[in-house]
Amino acid sequence: MKKLFIVIVILASLRLTRAFALPVSYDLRDYGRVTSIKNQGIPGPCWSFAAITALESNYLTQKLNTNGKEPDLSELQIAYYCYKDPNPERNFNSKRTSGLLSLEGNIFMPVAFMARLSGPTDERFLQYKTNLSNSERAALSKKAPESYKRSMRLREAYYLGGNSTLNSDSLKELIMKHGAAAVSLYSDLNSYHVKGKYYTYYQPDKGTQINHLVAIAGWDDNFSRDNFTPKPKRDGAWLVKNSWGTLRGTNGGYFWMSYDQHFYGGAVLIADPNNNLRLKHYGYDDLGWCSNISYSWGANIFRTETNKERLKEVAFYTPSNNCSYEVYVYDLGNNKLKSPTAGKLLTSKQGKIEYAGYHTINLDESFTLNKDQHFSIVLKLSGSRQPVENVNKDYSENAVCHAGESYFSNDGKTWIDGINFNCNTCIKAFTLTR
């Protein structure tokens, strides 16, 4: 698991006002809101398993159509294609040099992968196996991730940042509302203990180190500190769904983690009830949110690829909680202009988003665009920071920026091409094709 080095969660850990009283204990399993335990088998792709758990749990939470079966998405599609996409600009980097399924990752990688509509697909289309044979690797290498039918669409990703032992109420509220939350911790095999009927974990000596992603599926404020070795300062524990199979952990793959255990984040992923396979993605941030740039305004200019595309949605990241946004859509005609606002304003929309993360916004109006028509999505965010894709060592070294695509501004009038900063704005457009 890659430790996050990017400054994208520094404001996300602000405590939010709770909308309702929290119960003393809660377990998603009691409500059929979490899928069965999986087994990653080897160190490495825990980040893919945690992301899939969160998305599947939200799907069950929304009670979307499962045809009487629990959703079962492919962890392999994400773990493989985040590093082995046929398009090199979409591949993440790792400081490790061998063992594809042993390469580390974080929650932002699967979010970037799914936000560009590359997946996820069903497990039945691409099954996870801990050892890829030559024939399996060859079959995978001949296909792009989009070659597999997309089974679900990611619509939102809410992030809590920093040490989540400090914002546990917000994390609990997210779990109750949206399902299991992916978190990062330091996993030390010697720190798991069985106390009576409980499988417990507490490792206070690793500071802020993290090396593993899991999913939190509940909590118990009264879980005794006596169940842990060593003993934490207070009672209370998180119910954690791991990806190490059913033989390890209480109740077939779960364990209890002390409230005093240091961990990062809390990310819930929101499934879109409408997984329209005719949806087309426009965006330049294939590697997603890698960093921030100090500008209030960002914009992307796009050119439609087919005739009579219906523009209906835009998407972007917010770098902090309670972030206000303004979105503007401009028709730039058939000739590409140097300014993203030098055209006809089609529509605008304003709002405030409670949690930092990735968000899809429905436009109040939809517009039909013809082939080779240029249009822009202009975004203003409160806080004077725009999330961007850029080059970071051992992570997003394949990020590529081209002139005339992304722009930045402090006033929404005078624009600077992103090529000057070698970064792309994380702004997307979605159109419905015929």
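Residues numbered from 1 in each chain as written. Predicted model: local features only at pLDDT ≥ 70, side-chain atom pairs only at ≥ 80, totals over all residues. Heavy atoms only, no water.

Asker: Report on the layout of surface pockets, specifying residues and quantitative values.
Answerer: Quantified by volume, the largest pocket comes out at close to 660 Å³. Around the largest pocket sit 31 residues that line it, and His281, Tyr282, Gly283, Tyr284 and Glu305 are the ones nearest its centre. Secondary-structure elements contributing two or more residues to the lining of the largest pocket are β10 (279–282) and β12 (297–303). By residue number, the principal contributor to the lining of the largest pocket is β10, which donates 4 residues. Classifying every residue of the lining of the largest pocket by side-chain character gives 10 nonpolar, 9 polar and 12 charged. (1 Å grid on protein atoms, 1.4 Å probe; cavity = no way out; pocket = protein on both sides within 12 Å on 5 of 7 lines; lining within 4 Å. Points joined across faces, edges and corners; volume = space filled by probe spheres on them. Helix = DSSP H or I, 4+ residues; strand = E, 2+ residues; numbered from the N terminus. Nonpolar A, V, L, I, M, F, W, Y, C, P; charged D, E, K, R; others polar.)

Asker: Can you break down the sheet that holds strand β20 (residues 416–417) residue by residue, with the values?
Answerer: The strand order across the open sheet formed by 6 strands is β15-β14-β17-β12-β19-β20, and the pairing between neighbours is antiparallel. In this open sheet, the two edge strands, each paired with only one partner strand, are β15 (344–353) and β20. As judged from the 4 bridges shared by β12 and strand β19 (residues 406–409), these two strands associate in the antiparallel manner. Bridge pairing in β19 links Asn300 to Ser406. (Pairing = 2+ DSSP bridges.)

Asker: Which residues make up the pairing of strand β17 (residues 374–381), and what values do they have?
Answerer: Among the 8 residues of β17, 7 are classified as buried, and the element is accordingly described as predominantly covered. Relative to β17, β12 runs antiparallel, the two sharing 7 bridges. Its bridge partner lying in β17, Gly298 is registered against Leu379. Summarising the sheet, strand β14 (residues 323–333) and β17 pair through 8 bridges and their orientation is antiparallel. Looking across to β17, one finds that Tyr328 is bridged to Val378. (Buried < 20%, exposed > 50% of the residue type's maximum accessible area, 1.4 Å probe, protein only.)

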